[in-house]
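# A closer look at the structure
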Amino acid sequence: MEEKDWFESWFDSPYYHVLYQNRDHSEAEEFIEKLLAYLDPPGLSRVLDLACGKGRHSQVLARSGLDVLGADLSPASIEAAKELEMGNLHFFVHDMRKPLKAPLYNYVFNLFTSFGYFEDRIDNLRVVQAVANGLSDNGFFVIDFLNAEKSINQLIPEEALILDDVFFRIKRYFNGRQIVKEISFTEQGKDYRFEEKVQALTLEDFETLLSDHFRIEAVFGDYELSPFEKESSDRLILILRKKR
């Protein structure tokens, strides 16, 4: 039996949603509003929220009058997201490395560090190719990623927390290529261990990765859309336009 990638098992686990239950939804909403003010998309533009999770960003995009599809690899997340569906908001299970179904999108959003999960960097190219092929001419691709340099420098090696009576033990480290988070806990007498592994991609890495298909229109360093500073910015947010 083929072993699943870490993101297939962890993101589809109910404990993933327990650990991350306290995400700041107001921050997410404000970020989307600022992005849309910057991009100024026409009403009913066709939008893909790629790696949408349970759809918190997708919902905000749809409330802005856009035609939104949310896609995620996790069937459990998509099942939860479908409760949000309405006329201009729908969800489906999709592997971001696979080609996107027609018709073309005007905007693709990849938010909250939902890139660089793979062991083989060739998979990053597959994602970029799939997005480029799925975008209309001059379409936009927005990537919201962590600032790898700052994240590595400020890693918290160990942490413990209790959520919904589950005692999570967390270890973090940089293995020279990926930022790794090991998550372990015991529930109902059974020991669990999951990992999160994100490639430590820098702005220069993205410039190389994206150069064949996209040009960079802007680079921001936080959810307020402040300029990116390698040493101090919390995020690496790329606004990309598809090349003709």
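None of these values were measured; they are calculated from a predicted model.

### Regarding the pairing of strand β9 (residues 190–199)
- One ladder, built from 10 bridges, connects strand β8 (residues 178–187) with β9; its direction is antiparallel. For phenylalanine 185, the partnering residue across the bridge sits in β9 and is tyrosine 192.
- Hairpin remark: β8 followed by β9, antiparallel, with 2 residues in the connecting loop; positive phi at glutamine 188, about 55°.

### A few points about the environment of arginine 97
- Along the chain, the position of arginine 97 falls in the loop between β3 (89–93) and β4 (105–110).
- Here arginine 97 falls in the buried class, since its relative accessible area comes to 19%.
- Linking arginine 97 and isoleucine 122, residues 25 residues apart in sequence, is a C-alpha distance of 9.9 Å.
- Discounting residues that sit within four places of it in the chain, arginine 97 has contacts with Asp5, Phe7, Phe118, Asp123, Arg126 and Val127.
- Of note is the side chain of arginine 97, whose polar atom sits 2.9 Å from the side chain of aspartate 95.

### Some words on the packing of helix α3 (residues 25–39) against helix α4 (residues 56–63)
- As a packed pair, α3 and α4 sit with axes 9 Å apart at the nearest point and diverge in direction by 45°. As judged from the angle between their axes, α3 and α4 are oblique. In the packing of α3 onto α4, the handedness of the crossing is right-handed. Contacts between α3 and α4 involve His25, Ala28, Glu29, Ile32 and Leu36 on the former and, on the latter, Arg56, His57, Val60, Leu61 and Arg63.

### Here we look at the sheet that holds strand β5 (residues 135–146)
- Pairing is mixed in the open sheet, where 7 strands are placed in the order β3-β2-β1-β4-β5-β11-β10. Either end of the sheet is taken by a strand with one partner, and the two such strands are β3 and β10 (214–220). Pairwise comparison of adjacent strand axes, ignoring direction, gives a mean angle of 20° for this sheet.
- Strand direction decides the pairing type here: strand β1 (residues 46–50) and β4, joined by 3 bridges, are parallel. What sits directly across from valine 47, in β4, is tyrosine 107.

Conventions and cut-offs
- Residues numbered from 1 in each chain as written.
- Predicted model: local features only at pLDDT ≥ 70, side-chain atom pairs only at ≥ 80, totals over all residues.
- Heavy atoms only, no water.
- Pairing = 2+ DSSP bridges.
- Helix = DSSP H or I, 4+ residues; strand = E, 2+ residues; numbered from the N terminus.
- Buried < 20%, exposed > 50% of the residue type's maximum accessible area, 1.4 Å probe, protein only.
- Contact = heavy atoms within 4.5 Å.
- Polar contact = N/O pair within 3.5 Å; in protein donor to acceptor, adjacent residues only side chain to side chain.
- Axes fitted to C-alpha atoms, helices over the stretch in contact; angles between N-to-C directions.
- Parallel < 35°, antiparallel > 145°, perpendicular 65-115°, else oblique.
- Left-handed = near helix turned anticlockwise from the far one by under 90°.

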